[in-house]
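Chains, contacts and geometry: an overview
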Amino acid sequence: MVEKAFLGSLMKAEYLLQDTIIQPEQLESTRHKEIMRRMVELKRTGKNVDLITWTTLPDRLLNTNPFWTILRREFPFTSNGNIQIP
């Protein structure tokens, strides 16, 4: 629950991603590690860490991409595109 809230905060206020000292490897959940790795990778390449970026990742095919499935399970989106944080 703590990791989910942490990652949700990073998604809501992506500027926090560059300020955090926490690394993906320090997270306990494999799913959360992968989500944070993707977030760091997106930020490093100059992309935004937001819903539009997540939903247009090149390896997402018809919502069957395992990463997209994990992201949707961990962080459900509201109908207006906002992330639901626990």
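Because the structure is a prediction, the values reported are computed rather than measured. (Residues numbered from 1 in each chain as written. Predicted model: local features only at pLDDT ≥ 70, side-chain atom pairs only at ≥ 80, totals over all residues. Heavy atoms only, no water.)

This brings us to the overall build of the protein chain. Tallying secondary structure elements over the protein chain gives five helices and zero strands in all. Each helix (α) and strand (β) of the protein chain, taken in turn from the N terminus, gives the series α-α-α-α-α. Sequence-distant contacts, at least 24 apart, represent 49% of the contacts inside the protein chain between residues at least 6 apart. Summed over all atoms, the accessible surface of the protein chain reaches about 5500 Å², with 53% contributed by carbon and sulfur. (Helix = DSSP H or I, 4+ residues; strand = E, 2+ residues; numbered from the N terminus. Contact = heavy atoms within 4.5 Å. Areas by Shrake-Rupley, 256 points an atom, 1.4 Å probe, with all protein chains shown as cover.)

Before going further, it helps to spend a moment on the environment of Ala13. Mapped onto the elements, Ala13 comes out in the loop between helix H1 (2-12) and helix H2 (15-19). Among the residues examined, Ala13 registers a relative accessible area of 16% and is labelled buried. (Buried < 20%, exposed > 50% of the residue type's maximum accessible area, 1.4 Å probe, protein only.)

Another point: the environment of Trp54. Its location among the elements puts Trp54 in helix H4 (residues 51-55). Here the alpha-carbon distance between Trp54 and Met39, two residues 15 residues apart in the chain, equals 9.2 Å.

Leu7, Leu10, Met36, Met39, Val49 and Trp54 are the most contacted members of the largest nonpolar core, which has 13 residues in total. Of all the secondary structure elements, the ones that give two or more residues to this core are H1 and helix H3 (30-44). If we skip the residues at most four places from it in the chain, Met39 touches Leu7, Leu10, Met11, Leu17, Val49 and Trp54. (Core = buried A, V, L, I, M, F, W, Y, C linked by side-chain atoms within 4.5 Å.)

The pLDDT averaged across the protein chain works out to 76; a share of 66% of its residues lies at or above 70. Across residues 60-64, confidence stays below pLDDT 50; counting only partners more than four residues off in sequence or on other chains, it has eight contacts. (pLDDT = per-residue confidence, 0-100.)

What follows covers the layout of surface pockets. A volume near 180 Å³ is recorded for the largest pocket. Per-element tally for the lining of the largest pocket: the top contributor is H3, with five residues. When its residues are assigned to classes, the lining of the largest pocket shows five nonpolar, three polar and four charged. (1 Å grid on protein atoms, 1.4 Å probe; cavity = no way out; pocket = protein on both sides within 12 Å on 5 of 7 lines; lining within 4 Å. Points joined across faces, edges and corners; volume = space filled by probe spheres on them. Nonpolar A, V, L, I, M, F, W, Y, C, P; charged D, E, K, R; others polar.)

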